[in-house]
Amino acid sequence: MLTLNRLVEERDAEGILEYAREFHGHVCPYLALGIRASLLAMEELGVKRLDYSGSVDESILAIVEVNSCFTDGVQVTTGCTLGNNSLIYLDLGKTALTLVKRSTWEGVRIYADAERLARYYPPGARELFNKVIRERRGTPEERAKLRELWEEAAHRMLHLPREEFKVERVKVPPIEQAPIFDSVRCSKCGELVMETRAVHVDGETFCLRCAGERYLGVVGRGIIELGGME
Ligand SMILES: [Zn+2]
Ligand SMILES: [Zn+2]
């Protein structure tokens, strides 16, 4: 068995965090929180990390409500990723994960409340975060100190008791499986584009960018409109 699958099977949260460190680039409290929430949801729902058939059939979906560090913890732990279409991103801005079985649409939603979790941070950690990350004005020493405090907070998040989360059984409205579309060629840039994202002007086919149309993109603040004729 591959190492990451084994770590998840053994519920080895520390081991998973080491994988997540490489995937995410750093260790932080919300990365660890994503791992903890995933392990809880998987246990509650009685499902394993996505394997071959799980990922091909999209049998388990992870629905996240935020695109933060938390979401990377979820992807590493559950195996539900943006690329295998088993990660659904809802632009709701909440630290929450719903794990759901496609067979019944029954799921478990785990919500983490930042105010409630404030007491798990080492003293000074959140103030330093505001200075170094939010205001982007930390010295190299402060950046190094934050790294240390974040690591400590992450390890606490990994082992949060279940009672610190809101855990609820939910019924999820069905979400379609990823359809496979044909591609058409843009007559301006010459690139292939999914036919559902092509536009037709005077009998010619264009991609949205060449047509100067707006399109949606996921950026740090959520889903926004991009492009157009600026
Ligand atoms: Zn992070
Ligand atoms: Zn084009």
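About the criteria used
Residues numbered from 1 in each chain as written. Chains lettered and ligands numbered in written order. Predicted model: local features only at pLDDT ≥ 70, side-chain atom pairs only at ≥ 80, totals over all residues. Heavy atoms only, no water. Core = buried A, V, L, I, M, F, W, Y, C linked by side-chain atoms within 4.5 Å. Buried < 20%, exposed > 50% of the residue type's maximum accessible area, 1.4 Å probe, protein only. Helix = DSSP H or I, 4+ residues; strand = E, 2+ residues; numbered from the N terminus. Contact = heavy atoms within 4.5 Å. Donors = N, O, S within 2.8 Å, 3.2 Å for Na, K, Ca; no water. Tetrahedral: all angles 85-135°; square planar, octahedral: opposite > 155°, others 65-115°. Pairing = 2+ DSSP bridges. UniProt positions renumbered as here; feature names shortened; annotations may be inferred.

- Looking at an unreviewed UniProt entry, one finds the protein chain named Formylmethanofuran dehydrogenase, with Thermococcus pacificus as its source organism.

**Some details on the nonpolar core**
Grouped burial of nonpolar side chains is what soluble globular proteins tend to show.
Then step 1. Of all hydrophobic cores here, the largest spans 51 residues; its most connected members are Ile16, Leu33, Leu97, Leu99, Met157 and Phe165.
Then step 2. Considering each element in turn, this core owes the most residues, 10 residues, to helix 3 (residues 29-45).
Then step 3. If near-sequence neighbours (up to four positions away) are discounted, leucine 97 is found in contact with Ala37, Ser38, Ala41, Ala62, Ile63, Val64, Phe70, Val74, Val108, Arg109 and Ile110.
Then step 4. Within the second largest apolar cluster, eight residues are counted, among which are Val199, Phe206, Cys207 and Ala211.

**Section: the coordination of the zinc ion (ligand 1)**
Then step 1. In this structure, His24 (NE2), His26 (NE2), Cys28 (SG) and Cys69 (SG) serve as the protein donors to the zinc ion (ligand 1), at separations of 2.1 to 2.3 Å.
Then step 2. Coordination at the zinc ion (ligand 1) is irregular: its four donor atoms span angles of 92 to 138° at the metal.
Then step 3. Mapping the donors of the zinc ion (ligand 1) onto the primary sequence gives the spacing H-x1-H-x1-C-x40-C.
Then step 4. Judged by relative accessible area, histidine 24 falls into the buried class, the value being 16%.
Then step 5. Judged by relative accessible area, which is 38%, histidine 26 ranks as partly exposed.

**Here we look at the pairing of strand 8 (residues 198-201)**
Then step 1. By the bridge criterion, four bridges tie strand 8 to strand 9 (residues 204-207) in an arrangement that is antiparallel. Note on strand 9: the bridge partner recorded for histidine 200 is threonine 205.
Then step 2. The turn linking strand 8 back onto strand 9 is made up of two residues, and aspartate 202 within it adopts a positive phi angle of 50°.

**Some thoughts on the UniProt feature "domain: Zinc finger DksA/TraR C4-type" (unreviewed entry) in the protein chain**
Then step 1. Per the UniProt annotation, the sites labelled "domain: Zinc finger DksA/TraR C4-type" (unreviewed entry) are residues 181-215.
Then step 2. The span residues 181-215 is 11% helical and 46% strand by assignment, and the distance between its end C-alpha atoms comes to 18 Å.

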